[in-house]
Amino acid sequence: MSDDRSKGRSVPSGRLARLGVFGRMAGGVAGNVMAEGARRLASGEVPKMGDLLLTPANAVRVADQLSHLRGAAMKLGQMISMDAGDMLPPELATILARLRDNAHHMPPQQLDTVLAKEWGKDWRRGFAHFQAHPIAAASIGQVHRARLPDGRELAIKVQYPGVKDSIDSDVDNVATLLRVSGVLPKTLDIAPLLAEAKRQLHEEADYLREGEMLARFGDLLRGEPQFLVPALHPDLTTPHVLAMDFVAGVPIESLETAPQALRDRVMGNLIDLVLREMLEWGLMQTDPNFGNYRWQPETERMVLLDFGAARGVPAETAHGYRTLLEAGLSGDRDAVREAAVAAGFLGPAAVVAHRALVDRMIDVVIGELGKAGPFDFGDRAFVGVLRDQGIDMARDRSTWHVPPVDTLFVQRKISGTALLAARLKARVDVRSLAQTYLERDPG
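Residues numbered from 1 in each chain as written. Predicted model: local features only at pLDDT ≥ 70, side-chain atom pairs only at ≥ 80, totals over all residues. Heavy atoms only, no water.

Engineer: When you look at the pairing of strand 4 (residues 153-159) in this model, what are you seeing that I'm missing?
Structural biologist: Taken residue by residue, a regular strand's side chains alternate between the two faces of the sheet. Counting buried positions over the seven residues of strand 4 gives six, a clear majority of the element. Note: strand 3 (residues 141-147) against strand 4, seven bridges, orientation antiparallel. The residue bridging A146 from the neighbouring strand is L154, located in strand 4. Here strand 4 runs beside strand 6 (residues 241-245); their pairing, made up of five bridges, is antiparallel. The residue of strand 6 that forms the bridge with I156 is A243. (Buried < 20%, exposed > 50% of the residue type's maximum accessible area, 1.4 Å probe, protein only. Helix = DSSP H or I, 4+ residues; strand = E, 2+ residues; numbered from the N terminus. Pairing = 2+ DSSP bridges.)

As structure tokens, then:
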């Protein structure tokens, strides 16, 4: 999220206006491809299209244009940058990280129009104070601080106009860009993934639903001293406005300089929460964006925010992870491979074509899990090995495989939590945490 005061910019809400941004994006990328291709040819290289597309110049252009569009287009970019994690080349990862950190906000006039539509033209009379500049701006909405006449402090999330109506076309436009660019093989069927992405984004744009999820997680975590979930204000919540208690906190990244023991405890709590969501509750907040966590130094509590991406975890998905965890902790390479295919992580074609490479990657993971003591997320040496081997497999586009949608969303949360643990250089006894849940009756 961003609180940069210089980034007020109206959201393109009409279909043609948004299509125009996509057109400029595609044109700019094409121009960069031609320029880079000419430069490499002049230097005696024979460039590949993939190398020409995945350049820092194109990543900057796409990140900036998606930040302007906001909505589903920006959300998809955020998901790609977060999900790819350590598997992206460092230069591109740094640039795409801008999508997690930067968003333009609505100018005051556009904000007033939105709130007048939701609350009526005299909406300001209901507040003792309403801060016009947002305290945070993200892909689907921006957050304002407000105070009621009785002194209660609220956080008001206001959805960008046109975002919900543009979800389907935004997803289709992003998919078209990926297809036309050649980034995705023509044989890869991403239709189910696109349909689920649209469904998920429509749910995230429904603030009444998010309010229900906020209240539900508040109930689930009531009495847990390590977590704090803001209380919902249903009287001010509409499909496009979400009202909740304002809860003070600092960015989770501020813990980077905290004592090792505190970082370990915080990440142990978060990893335990992921396991609980997946294997016990069957309900998970699947958006691991760092901005969704805040830290209260005075109370040493983690504030959990943004439940728009909360979704049920089907029993078969939880079972697949349970089986995979059991195999990994047992150190059985064959069992891990079979469980990964059964859960949809690996496609059978990839295992047949790249058996030795798959087994080497499994051996790396098993070796890390099997080490005595806490897992050191700050030691990233093994990630480079996995990245190199993963890239070797990815070059064989004929074996590309789309995992089940529910697995993708759960894995997004797991990967994002691991990235945060790496950022904080935490040391967590993941093995013991996992075994605690594996020993419980899944029923």
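Engineer: Hey, could you run me through the packing of helix 11 (residues 260-281) against helix 17 (residues 405-423) in this one?
Structural biologist: If you want to describe how two helices pack, look at the angle between their axes and the distance between the axes. The contact between helix 11 and helix 17 brings their axes to 10 Å, and the two run at 175°. Judged on the interaxial angle alone, helix 17 and helix 11 are roughly antiparallel. Where helix 11 abuts helix 17, its residues M267, L270, I271, V274, E277 and M278 lie against V410, K413, I414, T417, L420 and A421. Class assignment of the residues belonging to the contact of helix 11 with helix 17 gives a composition of nine nonpolar, one polar and two charged. (Axes fitted to C-alpha atoms, helices over the stretch in contact; angles between N-to-C directions. Parallel < 35°, antiparallel > 145°, perpendicular 65-115°, else oblique. Contact = heavy atoms within 4.5 Å. Nonpolar A, V, L, I, M, F, W, Y, C, P; charged D, E, K, R; others polar.)

Engineer: Explanation requested: the nonpolar core in the structure shown.
Structural biologist: Among soluble globular proteins, nonpolar side chains are generally buried collectively. Counting 86 residues, the largest nonpolar core has W119, F130, I156, M267, M302 and L304 as the members making the most contacts within it. The element best represented in this core is helix 11, accounting for eleven residues. Excluding its chain neighbours within four sequence positions, the residues that come into contact with W119 are F127, F130, I156, L236, T238 and V241. (Core = buried A, V, L, I, M, F, W, Y, C linked by side-chain atoms within 4.5 Å.)

Engineer: Mind showing me how you'd approach the environment of G416 here?
Structural biologist: Summarising the element assignment, G416 is placed in helix 17. Residues G416 and N289 lie 127 residues apart in sequence; the distance between their C-alpha atoms is 7.0 Å.

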